[in-house]
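Listed below, chain by chain, are the residues.
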Amino acid sequence: MLDAGLIADSPAISMPGLIEPSVNLSTVLNALANEGFGVWVVGGAVRDAIIGINPHEFDLTTNARPDEVMAIFEDNIPTGEKFGTITVRNGEDFFEITTLRTESSYGDGRRPDEVEWGDSLAVDLSRRDFTMNAMAYDVAREILHDPFDGRNDLDRGILRAVGEASRRLSEDGLRIMRAYRFMDRGSAGIWMPDHELSAALLDCKHMLSHVSVERIWQELSRIVIGENASSVLLKMTNDGIIQRILGCDPMPD
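About the criteria used
Residues numbered from 1 in each chain as written. Predicted model: local features only at pLDDT ≥ 70, side-chain atom pairs only at ≥ 80, totals over all residues. Heavy atoms only, no water. Helix = DSSP H or I, 4+ residues; strand = E, 2+ residues; numbered from the N terminus. Rg over C-alpha atoms; globule rule 2.2 N^0.38 Å. Buried < 20%, exposed > 50% of the residue type's maximum accessible area, 1.4 Å probe, protein only. Contact = heavy atoms within 4.5 Å. Areas by Shrake-Rupley, 256 points an atom, 1.4 Å probe, with all protein chains shown as cover. Lys, Arg positive; Asp, Glu negative; His and termini not counted. Charge placed at Lys NZ, Arg CZ, Asp CG, Glu CD. Phe/Tyr/Trp six-rings, centres within 6.5 Å; stacked < 30°, edge-to-face > 60°. Lys NZ or Arg CZ within 6 Å of the ring centre and 35° of its normal.

Visitor: Got a sec to walk through the overall build of the chain? Specific residues and values, please.
Guide: Secondary structure assignment for the chain yields 11 helices and 12 strands. Against the 2.2 N^0.38 benchmark of 18 Å for 253 residues, the chain shows a C-alpha radius of gyration of 18 Å, consistent with a compact globule. Taking the principal axes of the C-alpha coordinates as reference, the chain spans close to 60 × 35 × 35 Å. Sorting the 253 residues of the chain into buried and exposed places 51% on the buried side. Of the contacts formed within the chain by residues at least 6 apart in sequence, a portion of 66% connects residues at least 24 apart. When the accessible area of the chain is evaluated, it comes to approximately 11900 Å², of which 49% is carbon and sulfur surface. Positive and negative charge centroids in the chain, built from 24 and 42 side chains respectively, lie 5 Å apart.

The structure is reproduced here in structure tokens:
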């Protein structure tokens, strides 16, 4: 039986059985809850579970600070300690555990100038890129936190930014590439961005100049192996993204 840790400050709806935890996942969740911390599954696992795909990798968020996470789990890797992420191994599974945080401005168009640890799940979800990624699941209580209606966007097959789309893309240029990657939903086809995000992708494409070549090609390589790669690449070409990547964009922004 799972122990219930700190309850989140975000509205929730009951969704029993959305994520059935494995023994290893349950062990990690209980270890944090037993210390009085809140812990929630976030990201792709929640997104996949809602559309009927059984998740096999789990990202977690918690109000435990990085040093507290490392103290609880001896088998850990400080993969992104500066930004609050500790990778924990339990059995054969790896879990990325990231501390709830708030962020300041993004002076370099890629990373926040300053990160502060937080205790608010609501604030943490509000800084995420797209509504489908701004959901969290409390496994112990079997409730879904979905303050930006990401589940409805998944049902409609729409890609939508959290808050103001141009602001989200201007904070981090890599989100432009992520947007095109998330358009490919495999057998579910292409999920198009809403009007606001579509306009922001055109207006903010200059932000790609703040992203390293390695990260751009990393995202592009994931796009080209997608089930609907031809459709996504065509849209990227029509939007001038491919030209921008290749350095042959004829039109100034």
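After that view, the rundown keeps rolling.
Visitor: Explain the packing of aromatic side chains residue by residue, including any values.
Guide: In total, this model carries one aromatic pair according to the counting rule given. Between phenylalanine 130 and phenylalanine 182 the ring centres are 6.0 Å apart and the planes differ by 80°, which places this aromatic pair in the edge-to-face class. Placement of phenylalanine 130 in the loop between α4 (121-126) and β9 (136-138) and of phenylalanine 182 in helix α7 (residues 174-183) is noted, with a sequence separation of 52 residues between them. For the pair phenylalanine 130 and phenylalanine 182, a shared accessibility class is recorded, and that class is buried. Over the face of the ring belonging to phenylalanine 182 we find arginine 181, whose NZ or CZ atom lies 4.9 Å from the ring centre. Seen from the ring of tryptophan 191, arginine 185 lies directly overhead, with NZ or CZ sitting 5.3 Å from the centre.

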